[in-house]
Amino acid sequence: MEVFGLFNYWIVIVLMMVGFYIVITQHNLVKKVVGLNIFQVSVFIFYISMSKITGGTAPILTEGATLYGNPLPHVLILTAIVVGVATTALGLALIVRIQKAYGTIEDDEIEAQESES
Amino acid sequence: MIQAHLPALQVIIPLIAAPFCLLIRRSDLAWAFSLLVTWCTFAIALILLLQVNETGTISYPMGDWSAPYGIEYKVDLLSAFVLVIVSGIGSVVMPYARLSIEREIPWPRIYLFYTMYLLCLCGLLGIAITGDVFNLFVFLEVSSLSSYVLIALGKDRRALTAAFRYLIMGTIGATFYVIGVGLMYMMTGSLNMADLAKLMPLVAETRTIQAAIAFLIIGLGLKLALFPLHLWLPNAYTYAPTVVTIFLAATATKVAVYAFLRIIFTVFGNVPVLQKEFMTDFLMFLAIVAMFAGSFVAIYQTNIKRMLAYSSIAQIGYMVLGISFISVAGLTGGIIHIFNHAVVKGALFMAVGCIFIKMGSVYIEDLAGAGKRMPVTMASFVICGLGLIGVPLTVGFISKWYLILAALDKGLWPIAAAIVGSSLLAVIYVWRVIEVAYFQPAPEGAETRSEAPMTMLAPMWFLTLASVYFGVDATRTINIAETAAAYLLKVIQ
Amino acid sequence: MISPGMTILLCLFVPFVGSFLILATGSRPNLRETMTLLTAITLFLLVASIYPLVAAGERPGIDVVEMLPGLSIAFKVEPLGMAFALIASFLWIFTSIYSIGYMRGHHEENQTRFYFYFAISLMAAIGIAFAGNMITLFIFYEVLTLCTFPLVAHHGTEESKRAGRVYLGLLLGTSIAFQLFAIIWTWVITGTLDFTKGGILAGTTDNLTVAILLALYVFGIGKAAVMPFHRWLPAAMVAPTPVSALLHAVAVVKAGVFTVLKVTVYIFGVNFLADINVSEWLQYAAAITILLSSLVAMTKDNLKARLAYSTVSQLSYCVLGAMLVNSWGILGGGMQIAMHAFAKITLFFCAGAILVAAHKTEISDMGGLGKTMPFTFTAFFLASLSIIGLPPFGGAWSKFYLAYGALEAGQLALVAALMISSLLNVYYLLSIPFRGFFGRPPETPGHYSRPQSDGEIHEAPIPCLIAISVSTVGCVVLFFYTDPLYNLLKQIILP
């Protein structure tokens with residue numbers, strides 16, 4: 001059965017669900033951002049996994065190599081990683097401001113503060 | 001010579017202008033600069049629209065790398081229309097923004113606002129013009145990230161949590177979209193929309209592509225605030241600075257609707273994605289729930305911005321409903337509503353901004369006597385409110401007409417009744433504001449008549465008059481929408 | 001000189017411009033009132049200039065702008081519309097004269113706003129009268145609802161607000177929910193919305209759809225006040241009396257029944273409807289409205305409320321005429337528009353006069369008032385006779401044709417309904433002048449009393465009396481001089 005050959009994709013699914021779960025259930029805003037990161041990492045692994053070609057070598061022009069792995073997903077993922085980094089940076093900056101404004105970064109406490117006022 | 005590179009310039013001009021804006025520390029210069037840049041993009045968009053109308057779809061390979069290997073910018077009638085809408089709204093908002101932003105953002109930071117605005121504009125224009133699905137993701141994220149920042153600039157501290165929530169949900173949406181793109185790439189090996197359209201029928205029945213469709217629809221659904229993925233919208237629109245609300249309400253979700261149309265009808269154009277039985281019903285169901293739930297919740301709001309935000313959710317329901325009919329009339333209704341809602345909602349939020357700058361509040365109860373104190377603003381609010389309801393001679397009537405027509409064409413008269421019913425709900429929430437503004441006497445010591453400044457009134461009235469003009473003579477916009485719809489449905493090539 | 005098409009546009013343009021002139025001269029009341037009168041007279045002259053063309057069988061028209069591909073805002077004058085426009089513009093002149101007396105005598109506030117919206121409402125009414133297709137009619141129908149609203153809620157009190165909500169809610173609700181639905185459905189079925197002699201629906205779809213469409217139109221035209229969508233009319237009585245007089249006895253309500261007649265003749269086609277026999281249950285709906293509202297009118301002590309319910313009843317005469325779908329019915333319905341307009345406006349004028357001069361609104365307080373206001377009460381008496389349907393008043397003709405139409409259709413029950421309704425009219429209308437002349441003044445002050453400057457009650461202000469006399473004379477004239485109207489309406493029913 002293909003199960004073990006598809007090991008990468010199982011990891012992708014696991015990471016995706018773990019990340020998603022963390023985003024939804026954790027109250028701490030930093031943890032949410034971490035969850036988001038894990039979620040995005042799963043996508044990176046997904047893309048990179050699909051670029052591997054059986055018997056292919058690294059996608060760098062070399063003498064004597066005939067089969068190369070697909071370089072395009074790597075490029076796409078670099079872009080996505082950059083986007084991820086920017087998102088994380090923005091998220092963390094927002095958290096710093098929220099901490100200054102509310103004094104806490106737990107979202108249930110924030111909500112409690114809001115519903116009082 | 002420049003003419004040939006217009007598609008690229010459409011995106012590059014605001015993109016490069018943004019870091020320049022960062023260097024301009026002075027707020028009024030930053031404003032003037034962004035005004036100029038926005039008007040430039042509007043001019044380019046208009047030229048592109050005229051060109052496409054005459055000669056047909058424009059194809060522009062970036063860096064001369066031809067498709068499907070290179071990134072291709074494809075301007076067809078629908079893209080050009082959306083480009084004009086986005087840059088047009090931007091051009092009208094910029095004159096308005098000068099005084100409104102000064103009231104809401106501290107002076108030393110205003111140039112940062114304009115920087116982010118230019119990036120957002122660039123992102124939105126890029127989504128509309130690109131012909132590559134991954135490029136769409138990049139621009140989607142550019143516009144989304146800059147809108148998170150824009151929203152977070154609001155005065156109220158809840159703007160921060162609203163922006164954060166939008167960030168989380170938006171990123172999940174974009175990531176879903178990227179997963180969908182990856183799955184499509186896995187099966188077809190291409191990222192170019194036209195190329196994907198050719199290759200898709202061969203692989204359409206695989207589980208991978210079906211998963212891709214699901215991820216794409218959910219991802220874009222999050223971005224366009226389709227019920228029940230709309231939870232980020234009310235807070236984001238309510239607590240953002242008014243100019244941000246105007247701009248985003250009139251453009252961001254519409255561009256996501258455009259992306260949705262592109263994926264469904266262009267990328268999957270040769271594969272009947274939505275025609276699978278339950279898909280249209282499912283979308284129709286979600287759209288109708290959005291129409292009713294959005295209007296219903298709007299009725300109970302005390303904050304006007306929040307009320308209009310929920311109204312936007314309902315209006316997006318109309319657009320998706322039009323799409324779910326999968327007929328030329330339905331798509332025409334959906335596409336024309338993109339334009340109509342942009343104009344009407346833009347003007348309504350501008351009116352709210354004028355009220356805020358003069359009366360200092362956005363709560364309905366504080367509007368007592370506004371009819372006498374700010375007659376010009378309130379008149380605009382009334383006219384655009386009628387546009388929301390869909391009274392004839394306004395732009396909203398045209399959209400309703402086509403949507404009901406599409407429903408009746410398909411024999412779905414309960415849906416037509418639903419459209420009519422939710423319009424009546426809009427009467428109620430528009431009415432609440434009008435009643436307070438015109439029927440309640442102004443509070444003590446506030447009798448004097450003081451209108452908003454001219455730079456804010458003029459853009460608002462420009463949009464209001466546009467909403468009446470295109471409601472009386474809708475032939476031009478309908479022709480564009482109908483041709484675009486026919487083209488999407490492959491009725492004409 | 002000026003082409004007929006331009007004249008039609010001028011008929012719309014003149015009240016529109018006039019309204020802004022009124023707004024501009026707001027600070028000088030005499031100048032402002034002159035503007036109103038000038039606008040009204042000009043409008044009537046323009047409308048009257050089109051009459052010879054229509055009477056000769058021509059149908060002048062003009063296309064203005066194409067709104068949607070295939071649908072334009074277009075105007076075309078035909079006999080029904082001509083009659084409606086003539087009546088509305090003629091009575092506007094005298095309502096304006098009346099308003100001057102009333103608004104000043106009653107010390108009303110916000111008079112400029114009043115005259116402004118009044119002019120715009122007349123523009124909308126003319127737009128409805130001259131509409132060449134259903135979409136144009138719908139547009140002006142909605143405009144009429146929206147611009148009469150500030151007139152209804154003029155006083156700005158809690159009561160006005162509530163009434164305004166009912167007014168707007170019912171009229172907008174029925175028009176968007178039913179009428180718009182029916183219009184788009186018609187468009188889907190036939191591909192056109194132009195008013196065509198013989199109708200556009202014949203042979204296009206099955207009878208059930210036609211029946212549903214007819215019902216949607218009749219109930220969607222909320223201004224015709226067919227029960228159960230009639231509540232807006234009594235609610236609108238909170239408005240100042242000139243509003244009730246012109247708009248809710250003439251312009252708004254007549255726009256409603258006019259639309260019903262127009263839809264019946266030009267969208268469905270009289271012969272088509274008669275052939276497929278789908279309108280019978282609507283005849284009964286109209287008859288029920290006639291009887292029920294008459295019964296309710298009998299219970300009302302407030303004069304304007306009683307007149308409102310009487311209007312509801314009289315409007316359904318027109319609807320009944322339309323739904324009889326035979327020549328006499330249509331003729332009767334068309335005539336009723338004219339006859340009822342003059343009679344009802346007289347009654348409302350009198351009600352307003354009583355309010356201004358004697359400050360009384362409840363009928364039970366009006367005992368003996370006829371002795372101090374003989375002119376007013378005599379006019380009331382004569383107009384009531386017209387409504388009841390007695391010669392030598394115009395109302396006799398419309399009643400006659402309607403009864404004849406019901407007989408032709410074999411609907412003896414409906415004839416009976418018309419007769420019973422006349423009897424009820426006798427009771428609830430004639431009791432008022434009767435009480436006025438032969439009743440005893442009440443011992444204690446009435447419900448509505450304002451301290452009088454000199455403690456005396458006198459006749460109504462002169463402008464009001466002028467208006468009252470003109471409309472009363474109109475009721476009589478219309479009895480003897482019916483031929484023009486008859487010949488005009490005959491053109492519709494001839495093949």
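Everything numeric in this text was worked out from a predicted model, so none of it was measured. (Residues numbered from 1 in each chain as written. Chains lettered and ligands numbered in written order. Predicted model: local features only at pLDDT ≥ 70, side-chain atom pairs only at ≥ 80, totals over all residues. Heavy atoms only, no water.)

**Considerations on the overall build of chain C**
As a reminder, the rule being used: By definition, any uninterrupted DSSP run of H or I lasting at least four residues is a helix, any uninterrupted run of E lasting at least two residues is a strand, and each is numbered from the N terminus. Burial status follows relative accessibility: with a 1.4 Å probe on protein chains alone, a residue under 20% of its type maximum counts as buried, one over 50% as exposed, and anything between as partly exposed. Contact definition: two residues touch when any of their heavy atoms are within 4.5 Å. Methods summary: accessible areas were calculated by the Shrake-Rupley approach with a probe of 1.4 Å, and residue burial reflects only the protein chains presented. Only four residue types enter the tally: Lys and Arg on the positive side, Asp and Glu on the negative side, with His and both chain ends excluded. A charge is said to be at NZ when it belongs to Lys, at CZ for Arg, at CG for Asp and at CD for Glu.
Counting its regular elements, chain C contains 19 helices and two strands. Overall size of chain C, expressed as C-alpha extent along the three principal axes, is 70 × 55 × 40 Å. The burial tally for chain C puts 65% of its 495 residues in the buried class. Contacts in chain C between residues at least 24 apart in sequence constitute 81% of all its contacts with a sequence separation of at least 6. Accessible area of chain C: about 16,400 Å², with a carbon and sulfur share of 66%. Of the charged side chains in chain C, 25 are positive and 23 negative; the average position of the first set lies 5 Å away from that of the second.

**Here we look at the nonpolar core**
Here is the rule we go by: Joining through side-chain atoms within 4.5 Å is the link that ties buried Ala, Val, Leu, Ile, Met, Phe, Trp, Tyr and Cys residues into a set, and such a set is a nonpolar core. Domain ranges listed in this record stem from an automatic or a database domain assignment.
In terms of nonpolar packing, the biggest core is built from 443 residues, with B:Phe268, B:Trp401 and C:Phe130 touching the most fellow members. For this core, the two domains that each supply at least three residues are domain 1 (1-274) and domain 2 (279-495) of chain C. With sequence-adjacent residues up to four places away left out, B:Phe268 is seen in contact with B:Met184, B:Met200, B:Ile209, B:Ile213, B:Leu216, B:Ile263 and B:Val273.

**Details of the interface of chain C and chain B**
Just so we agree on the cut-off: The buried area of a pairing is the accessible area, by a 1.4 Å probe, that goes missing from both parts when the two are put together, added over both. By salt bridge we mean one thing: a side-chain nitrogen of Lys or Arg within 4 Å of a carboxyl oxygen of Asp or Glu. Counted as a polar contact is a pair of N or O atoms within 3.5 Å, where, for protein atoms, one must be capable of donating a hydrogen and the other of accepting one, and residues adjacent in sequence contribute only when both atoms are in side chains. For this classification, the nonpolar set comprises Ala, Val, Leu, Ile, Met, Phe, Trp, Tyr, Cys and Pro, the charged set comprises Asp, Glu, Lys and Arg, and every other residue, Gly included, is treated as polar.
Taken together, the contacts link 31 residues of chain C with 31 residues of chain B. Counting the surface chain C buries against chain B, the share from its top three residues, C:Met67, C:Phe181 and C:Ile184, is 21%. At the junction of chain C and chain B, the tally comes to one salt bridge. Across the pair B:Glu435 and C:Arg165 runs a salt bridge whose closest N-O atoms are separated by 2.7 Å. The interface formed by chain C and chain B holds three residue pairs in polar contact (both at pLDDT 80 or more) in total. Elements with a minimum of two residues in the side of chain C that touches chain B: strand E1 (61-68), strand E2 (71-76), helix H5 (134-152) and helix H6 (158-190) of chain C. For the side of chain C that touches chain B, the element with the highest residue contribution is H6(C), accounting for 14 residues. For the side of chain C that touches chain B, the residue count by class is 25 nonpolar, two polar and four charged.

**Concerning the domain arrangement of chain C**
Residue and element names in this part refer to chain C. We note that the domain assignment places domain 1 (1-274) and domain 2 (279-495) within chain C. If you average the C-alpha positions of domain 1 and of domain 2, the two centres end up 21 Å apart. Contacts between the two partners involve 58 residues from domain 1 and, on the opposite side, 52 residues from domain 2. The junction of domain 1 with domain 2 conceals about 4,600 Å² of combined surface from both sides, 80% of it contributed by carbon and sulfur atoms. The largest per-residue losses of area from domain 1 upon contact with domain 2 belong to Tyr-98, Met-227 and Leu-261, which jointly make up 13% of the total buried on that side. Our count for the domain 1 to domain 2 interface comes out at zero salt bridges. At 16 residues, helix H9 (residues 241-268) tops the list of elements feeding residues into the side of domain 1 that touches domain 2. In terms of residue class, the side of domain 1 that touches domain 2 is made up of 42 nonpolar, eleven polar and five charged.

**Focus: a nonpolar patch on the surface**
So the rule is basically this: A residue counts toward a patch only above 30% relative accessible area and without a salt bridge, and it is joined to like-charged neighbours within 9 Å or, for Val, Leu, Ile, Met, Phe, Trp and Tyr, to nonpolar neighbours within 5 Å.
Together, C:Phe13, C:Phe16, C:Val17, C:Phe20, C:Leu21 and C:Leu23 give the surface a local cluster of nonpolar side chains, amounting to about 520 Å² of exposed area. By the element assignment, C:Phe16 lies in helix H1 (residues 4-24).

**Some points on the environment of B:Cys120**
Residue and element names in this part refer to chain B. Tracing the sequence through the fold places Cys-120 in helix H4 (residues 110-129). In this structure Cys-120 comes out as buried when scored by relative accessible area, which is 1%. As a C-alpha pair, Cys-120 and Leu-150 span 30 residues in sequence and 8.8 Å in three-dimensional space. Excluding anything up to four places from it in sequence, Cys-120 contacts Ser-143, Ser-146, Ser-147, Leu-150, Phe-247 and Leu-248.

**A word on helix H7 (residues 193-203) of chain B**
Residues and elements named next belong to chain B. What H7 keeps buried is the set Met-193, Asp-195, Leu-196, Ala-197, Met-200 and Val-203. Looking at the buried side of H7, the elements it contacts are helix H5 (133-152), helix H6 (158-188), helix H8 (207-223) and helix H10 (242-267). By the N-cap criterion, in which a side-chain oxygen at the helix start approaches the backbone nitrogen of a residue two or three places on, H7 is capped by Asn-192, the distance to Ala-194 being 2.9 Å.

**A few points about the pattern of salt bridges**
Tallied over the full model, the rule gives ten salt bridges over all chains. The salt bridge involving A:Glu114 is made with B:Arg157; its shortest N-O contact spans 3.4 Å. Of this pair, A:Glu114 sits in helix H4 (residues 107-116) while B:Arg157 sits in the loop between H5 and H6, each in a different chain. Residue B:Arg262 pairs with B:Asp76 through a salt bridge whose shortest N-O separation is 2.5 Å. Taken together, the positions of B:Arg262 in helix H10 and B:Asp76 in the loop between strand E2 (72-75) and helix H3 (77-104) put the pair 186 residues apart, joining distant regions of the chain.

**Observations concerning the interface of chain A and chain B**
On the chain B side, the residues contacting the 34 residues of chain A number 30 residues. Taken together, both faces of the contact between chain A and chain B bury some 2,800 Å²; the carbon and sulfur share is 81%. Put simply, chain A and chain B have two salt bridges between them. Here B:Arg158 ties to A:Glu114 by a salt bridge, and the two come within 3.5 Å at their closest N and O atoms. Listed by contribution, the elements that provide at least two residues to the side of chain A that touches chain B are helix H1 (7-25), helix H2 (29-51), helix H3 (72-102) and H4 of chain A. For the side of chain A that touches chain B, the element with the highest residue contribution is H3(A), accounting for 16 residues. In terms of residue class, the side of chain A that touches chain B is built from 25 nonpolar, six polar and three charged.

**Some thoughts on the packing of aromatic side chains**
Under the convention used in this document: Between 30 and 60 degrees the pair is tilted, below 30 it is stacked and above 60 it is edge-to-face, where a pair is any two Phe, Tyr or Trp rings, Trp via its six-membered ring, whose centres lie within 6.5 Å. Here, over-ring charges are defined by two tests on the NZ atom of lysine or the CZ atom of arginine: distance to the ring centre within 6 Å, and angle to the ring normal within 35 degrees.
Counting across every chain of the model gives 51 aromatic pairs over all chains. Seen from their ring centres, B:Tyr117 and B:Phe247 are 5.1 Å apart, and the 65 degrees between their planes marks the pair as edge-to-face. With B:Tyr117 in helix H4 and B:Phe247 in helix H10, this residue pair connects regions lying 130 residues apart in the sequence. Taking the relative accessible area as the measure of exposure, B:Tyr117 reaches 2% and is therefore buried. Judged by its relative accessible area of 2%, B:Phe247 falls in the buried class. Pairwise contacts between aromatic rings join C:Trp328, C:Trp397, C:Phe400, C:Tyr401, C:Tyr404, C:Phe479, C:Phe480 and C:Tyr486 into one cluster. Positioned above the aromatic ring of C:Tyr141, the side-chain terminus of C:Lys223 is 3.5 Å from the ring centre. The aromatic ring of C:Tyr266 is capped on one face by C:Lys262, whose charged end is 5.9 Å from the ring centroid.

**So, the packing of H2(A) against H3(A)**
Residues and elements named next belong to chain A. As a reminder of what qualifies: Convention adopted: a line fitted to C-alpha atoms gives each axis, helices being fitted over their contacting stretch, and angles between N-to-C directions are expressed from 0 to 180 degrees. An angle below 35 degrees is treated as roughly parallel, one above 145 as roughly antiparallel, one from 65 to 115 as roughly perpendicular, and anything else as oblique.
Taken N-terminus to C-terminus, the directions of H2 and H3 make an angle of 180 degrees; their axes are 10 Å apart at the nearest point. Between H2 and H3, the interaxial angle falls into the category roughly antiparallel. Every residue of H3 that contacts H2 at Leu-29, Val-30, Val-33, Leu-36, Asn-37, Gln-40, Val-43, Phe-44, Tyr-47, Ile-48, Met-50 and Ser-51 is listed here: Pro-73, His-74, Leu-76, Ile-77, Ala-80, Ile-81, Gly-84, Thr-87, Thr-88, Leu-92, Ile-95 and Ile-98. Of the residues in the contact of H2 with H3, the class split is 17 nonpolar, seven polar and no charged.

**Examining the side chain of B:Thr266**
All names here are of chain B. Here Thr-266 lies in helix H10. A distance of 2.8 Å separates the side chain of Thr-266 from the side chain of Arg-262, its partner in a polar contact. Sequence-distant contacts of Thr-266, that is, excluding residues within four places in its chain, are made with Ala-197, Leu-261 and Leu-488.

**With respect to the pairing of E2(C)**
The two faces of the sheet receive side chains in turn, since in a regular strand these alternate between them. Residues and elements named next belong to chain C. Let me state the cut-off plainly: What makes two strands pair is DSSP finding at least two bridges between them.
With five of its six residues buried, E2 lies for the most part within the structure. Alignment of E1 against E2, held across six bridges, turns out to be antiparallel. Bridge pairing in E2 links Val-65 to Ile-73. Where E1 hands over to E2, the hairpin turn is made up of two residues, of which Gly-70 adopts a positive phi near 95 degrees.

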